[in-house]
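In case you want the letters, here they are:
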Amino acid sequence: MTECTSLQFVSPFAFEAMQKVDVVRLASLSDPELRLLLPCLVRMALCAPADQSQSWAQDKKLILRLLSGVEAVNSIVALLSVDFHALEQDASKEQQLRHKLGGGSGESILVSQLQHGLTLEFEHSDSPRRLRLVLSELLAIMNKVSESNGEFFFKSSELFESPVYLEEAADVLCILQAVCRGLIKNGERQDEESLGGRRRTDALRFLCKMNPSQALKVRGMVVEECHLPGLGVALTLDHTKNEACEDGVSDLVCFVSGLLLGTNAKVRTWFGTFIRNGQQRKRETSSSVLWQMRRQLLLELMGILPTVRSTRIVEEADVDMEPNVSVYSGLKEEHVVKASALLRLYCALMGIAGLKPTEEEAEQLLQLMTSRPPATPAGVRFVSLSFCMLLAFSTLVSTPEQEQLMVVWLSWMIKEEAYFESTSGVSASFGEMLLLVAMYFHSNQLSAIIDLVCSTLGMKIVIKPSSLSRMKTIFTQEIFTEQVVTAHAVRVPVTSNLSANITGFLPIHCIYQLLRSRSFTKHKVSIKDWIYRQLCETSTPLHPQLLPLIDVYINSILTPASKSNPQATNQPVTEQEILNIFQGVIGGDNIRLNQRFSITAQLLVLYYILSYEEALLANTKTLAAMQRKPKSYSSSLMDQIPIKFLIRQAQGLQQELGGLHSALLRLLATNYPHLCIVDDWICEEEITGTDALLRRMLLTNNAKNHSPKQLQEAFSAVPVNHTQVMQIIEHLTLLSASELIPYAEVLTSNMNQLLNSGVPRRILQTVNKLWMVLNTVMPRRLWVMTVNALQPSIKFVRQQKYTQNDLMIDPLIVLRCDQRVHRCPPLMDITLHMLNGYLLASKAYLSAHLKETAEQDRPSQNNTIGLVGQTDAPEVTREELKNALLAAQDSAAVQILLEICLPTEEEKANGVNPDSLLRNVQSVITTSTPNKGIEEGEDNLLCNLREVQCLICCLLHQMYIADPNIAKLVHFQGYPCELLPLTVAGIPSMHICLDFIPELIAQPELEKQIFAIQLLSHLCIQYALPKSLSVARLAVNVMGTLLTVLTQAKRYAFFMPTLPSLVSFCRAFPPLYEDIMSLLIQIGQVCASDVATQTRDIDPIITRLQQIKEKPSGWSQICKDSSYKNGSRDTGSMDPDVQLCHCIERTVIEIINMSVSGI
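Residues numbered from 1 in each chain as written. Predicted model: local features only at pLDDT ≥ 70, side-chain atom pairs only at ≥ 80, totals over all residues. Heavy atoms only, no water.

Heads up, the rule is: UniProt positions are given in the numbering used here, feature names are shortened, and annotations may be inferred rather than shown by experiment.
Within an unreviewed UniProt entry, the label attached to the protein chain reads Integrator complex subunit 2, and the organism entered is Saimiri boliviensis boliviensis. Under the UniProt heading Sequence similarities (unreviewed entry), the note attached to the protein chain is "Belongs to the Integrator subunit 2 family."

**A look at helix α13 (residues 215–225)**
The condition that has to hold: Relative accessibility decides the category of a residue: with a 1.4 Å probe and only protein chains considered, values under 20% of the type maximum give buried, values over 50% give exposed, and everything between is partly exposed. Numbering goes from the N terminus for both helices and strands, where a helix is a DSSP run of H or I of at least four residues and a strand is a run of E of at least two. Think of it as the arc spanned by the lines of direction from the helix axis to the C-beta atoms.
Residues A215, V218, R219, V222 and V223 constitute the buried set of α13. Seen from one end, α13 has its buried residues packed into an arc of 140°, which puts them on one side. Those residues of α13 that are exposed and angled more than 90 degrees off the buried face are K217 and E224. Following α13 by one or two positions, C226 has its phi on the positive side, about 55°.

**Comments concerning unusual backbone geometry**
Residues other than glycine predominantly adopt negative phi, and peptide bonds predominantly adopt the trans conformation. Cis geometry marks the peptide bond from T540 to P541; its omega dihedral reads -5°. Of note, P541 is situated in the loop between α28 (528–536) and α29 (546–558). With phi around 50°, N497 is a residue other than glycine that occupies positive phi space. As for its placement among the helices and strands, N497 is situated in the loop between α25 (482–491) and α26 (507–516). A positive phi angle, close to 60°, is found at R518, a residue other than glycine. Among the residues examined, R518 registers a relative accessible area of 11% and is labelled buried.

**Structural notes on the confidence of the model for the protein chain**
To keep it simple, the criterion reads: You can read pLDDT as the predictor saying how much it trusts each residue, on a scale of 0 to 100. Whether two residues are in contact is decided by their heavy atoms, any of which lying within 4.5 Å being enough.
On average, residues of the protein chain score 77 in pLDDT, and 70% of them are at 70 or above. pLDDT under 50 marks residues 1–6. Its contacts with residues more than four places away, or in other chains, come to four contacts. Ignoring residues within four places in sequence, the model shows residues 176–181, a span with pLDDT below 50, making eight contacts including any to other chains.

**What about the pattern of salt bridges?**
In plain terms, the rule: Definition used for salt bridges: Asp or Glu carboxyl oxygen within 4 Å of a side-chain nitrogen of Lys or Arg.
Counted by the stated rule, this structure contains 16 salt bridges. Salt-bridge contacts for E614 lead to R666; the nearest nitrogen and oxygen are separated by 3.3 Å. Of this pair, E614 sits in helix α32 (residues 599–618) while R666 sits in helix α37 (residues 660–671), and the two are 52 residues apart along the sequence. Accessibility expressed as a relative area gives 22% for E614, which makes it partly exposed. Classification of R666 as partly exposed rests on a relative accessible area of 42%. In this structure, D810 and R816 form a salt bridge, with 2.8 Å as the shortest nitrogen-oxygen distance. When its relative accessible area of 22% is taken as the criterion, D810 is described as partly exposed. Connected via shared salt-bridge partners are K528, D529 and E577.

**Some words on the environment of M459**
Position of M459 among the secondary structure elements: in the loop between α23 (446–457) and α24 (469–479). For M459, a relative accessible area of 6% corresponds to the buried category. Residues M459 and A348 lie 111 residues apart in sequence; the distance between their C-alpha atoms is 7.5 Å.

**Description of the packing of helix α16 (residues 265–280) against helix α17 (residues 289–304)**
Under the convention used in this document: Here an axis means a line fitted to C-alpha atoms, over the contact stretch when the element is a helix, while the angle between two N-to-C directions is reported on a 0 to 180 degree scale. Every angle not falling under 35 degrees, over 145, or within 65 to 115 is termed oblique; those three ranges are roughly parallel, roughly antiparallel and roughly perpendicular. In this count, Pro and Cys sit with the nonpolar residues alongside Ala, Val, Leu, Ile, Met, Phe, Trp and Tyr, while Asp, Glu, Lys and Arg are called charged and the others, Gly among them, polar.
Close contact between α16 and α17 brings their axes to 9 Å; oriented N to C, the two are set at 100°. By the criterion of interaxial angle, the relationship of α16 to α17 is roughly perpendicular. The segment α16 lies against α17, with F271, F274, I275, G278 and Q279 engaging L290, M293 and R294. Looking at the contact of α16 with α17 residue by residue, the class counts come to five nonpolar, two polar and one charged.

**Considering the state of the cysteines**
Threshold: By disulfide we mean two sulfur atoms from cysteines, separated by a distance within 2.5 Å.
Inspection of the entire model under this criterion finds zero disulfides. Of the cysteine sulfurs around C388, a residue in no disulfide, the closest is that of C347, at 8.6 Å. In this structure C950 is not part of a disulfide, and its nearest cysteine sulfur, from C953, lies 6.5 Å away. Judged by relative accessible area, C950 falls into the partly exposed class, the value being 40%.

**Let's talk about the packing of aromatic side chains**
Let me state the cut-off plainly: For Phe, Tyr and Trp, rings pair up if their centres lie within 6.5 Å, where Trp contributes its six-membered ring, and each pair is then called stacked (planes under 30 degrees apart), edge-to-face (over 60) or tilted (otherwise).
This structure, assessed with the given rule, holds 12 aromatic pairs. Centroid distance Y608 to Y633: 6.1 Å. Interplanar angle 75°. Geometry classified as edge-to-face. Remark: Y633 occurs in the loop between α33 (620–625) and α34 (635–640) and Y608 occurs in helix α32; sequence separation between them is 25 residues. With respect to burial, Y608 and Y633 carry one shared label: buried. Aromatic side chains F1054 and F1055 sit 4.9 Å apart centroid to centroid with 85° between the ring planes, which places their arrangement in the edge-to-face category. A relative accessible area of 0% means that F1055 is categorised as buried.

Right under this line is the structure:
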């Protein structure tokens, strides 16, 4: 408000003295300053105080003494003597009247018709009337404001604009306390756009100057309401001038940065509009708040610029005078943080608010950006910000001299990067950012550069890719050619203890981008050693760039940079370097003490090996087409790496390792399925759970002191003393899996001794337990040692030492163990576990082998075929052959296991009843004397054979579930029918056989048809389902059909073993009774017709069958006769048909007995 510059305002000193009632400071005020405070002081002196203390009484006397010398006090006392109650009532009526009649009405209740002008009336009136005149004028203005809906309007007022009566009118206003509290809330969103906004801003600014302590609160209201942005900046400028600091970041920088870089998008848009509108106005003079802000920021920037001789700071009076040109040197350490804050602020002003810098601002900014800070973390941050600002706002460099200055500064950055990193202690230096930007420019990834700039500056700004064209030319042709980039990148030291805690742009980012662009192979620069060193220098938490780096490195090894040069690839890590990483883990002794490298480095190298092998197999065809054969890592190397131990370590570090654990599990499931057996994971959970912690609490010094040598001595004494070995292995159960590794060889090598008779079962079970614990950390090595230890000992024959590769090629070697293992359940459990693992390993091995050799004989095969469109036929054949081999391998294992379930000749000689042993479950269910049956069942169950059978059935169940085709193949091959009760009752997944029994019955071989019907009879008893009923009915129909086509010899061979199955059909499904009885009579009739010479012998049997079918209840007592039950009647004849007829009669009698007992 330019016309108010001659007015007197309350100074901050006077306001604070009045606010605190500091009589001493009030007495020191001049008369003009005291005149402004008279209304408040007179009111204070006349009103009854709440403070009745003696000190206030003295202060009041001093106030009265001050007032006694001022003539204007009398008029103010008169103003305070009016009847304010009547005045308030009249004012309320006045408001209602004006609201009803409108603001333009000339009627008034406070004052009657004016005879003269308002100023003359005010001069001639007494104090009460003066109050009414001012109040009436105020109410008229307030009513006008309410009608304007918040829009600014200009209204002249003769009373308030007259300088003669200004003091008296001000006194009246103070008495009436007419304060507008809605100045901010009702203010304009952009105050410098209108006269009203500028008036509001000036009024509130003068009020805040009077009471500076409230300035920041008012500024907070401005930001909260998003009104009057110029006021907020003006108050900040006043505050900055009052509390200027040389080194720290000013309040102006903090305030504007907070508006533009804060999270409130509404505030950011509001202030950005203020900046843009301010630039569009031609009225860009010193009275503009935006101009004042820019000038203050420029002065702060120039104030910290390093100079050889001091630069004269241009004050506001010297606006048109240019500052002296100086030669800039190093930036002071105390100014670095402030310089960084100023750079970010100017980036926000230009990138977010759209500020267009003047030539002077651009020149000073470029001088600041190209200054050289000290080697501190803040200095590294400043250089990074300056570099990104140059990229974001390349228009700051407009002249050849400025461009040369930038090139010199960039060259200094390259030269000093290593010194900065070593001195500042910051791993993420600006050198990596330079390399990264150079690589992005070479690969034309301009969007990646924009993302890098935005993330470094900490703000999202719009950068046009076209604006980077000049910088791209400078980088790619003058500073960083691609060959220089690759050569320099290899010399960059690796980041020590690289982890996710180290943020910023690191050498690993640069190497990753160069690998992606294939720069190393293009310029024949070896990067293998750098990557190996970086993998060794890693720690947790895992840095997110490590896994992508390994993946792109593997791709650069296998895939050439161009088809024209297939040898342009990187070199893989050597096997010796890999073994060095795992030194201390392979041996197993004192694992944690001997580890030279961190678990992170070992897991990363493991990920590299597994990913390399997987990628090599996946790209076999492509590599063969290029006539390239990259070397695969040897199986001996893989055997020496403790994969399972490392995976177990990774499982406990999942949070720190990010996605590495899951990636390793994926690779294991694909390439090493035998290390991902579900049972192993469940066992591992038990070993590492709460029970393990409790066992560790029981661990004594004696348990720790047992050495492998002592364990070997104890095993040697097993034939005469079991106690010592029992004590040692019981102590070993308290150790962790990794601590058990040194004892593995002793445990496995002495397993053969445990097969001797007389070894306590507890020792066998404890050894089994220890073996399972070791299996969680070293399964592959443990399996090889165990297989070799359990070989049959033959005198004068040297035992063969199998390798891991031998066992994967032929998993059935596991079952060629000592025969005594087959009757030792704890060791048989171990054997079955190894068999399952090697069967899985064999599948993965053959699949990998098929991929490796897919292209070796392909050309000759194609030439042999010579047909278009059939080039894939040999590949399909190879796949089919592999599947056939695996199926034969699995079925052979199943057949061997089923054979083990049969009692040996020695067991039969010792009184083991195979029939009762295999049928004990059914005998317990169907026997008429339960007690006796249960006792027999218990006797049969308490033997090693039964336990081995249970273990085998569990494994077969898993195999059938994993691949139902195995079950189909095994049953098409067939096995001894004595095992059917065991397999059906002991293998829960045997119900899947119902799906293929119709196909098995349809086979032309008589043996397969017999086996199918016998299998079906047991399945019907075990699974009495609708599906079983339909298959049983089919079987009965097939038997009736075969009756009409089979010869006499085949009829006897078929029906003799299958007729007992009809009893099971009737027991499971009574509705089949009629069909089965009819079938039996038909069979008997066919047999009778074929033996005409024995009709007199057969006819009575046929007659009895007819009578039994018609009246089964009448024959029930006869059927209970022992001669019928035992089948001893008329069995003297050796004629097959006669024997078959007697078998039919026995079958019918058994069905009748079963049905009658069921009723």
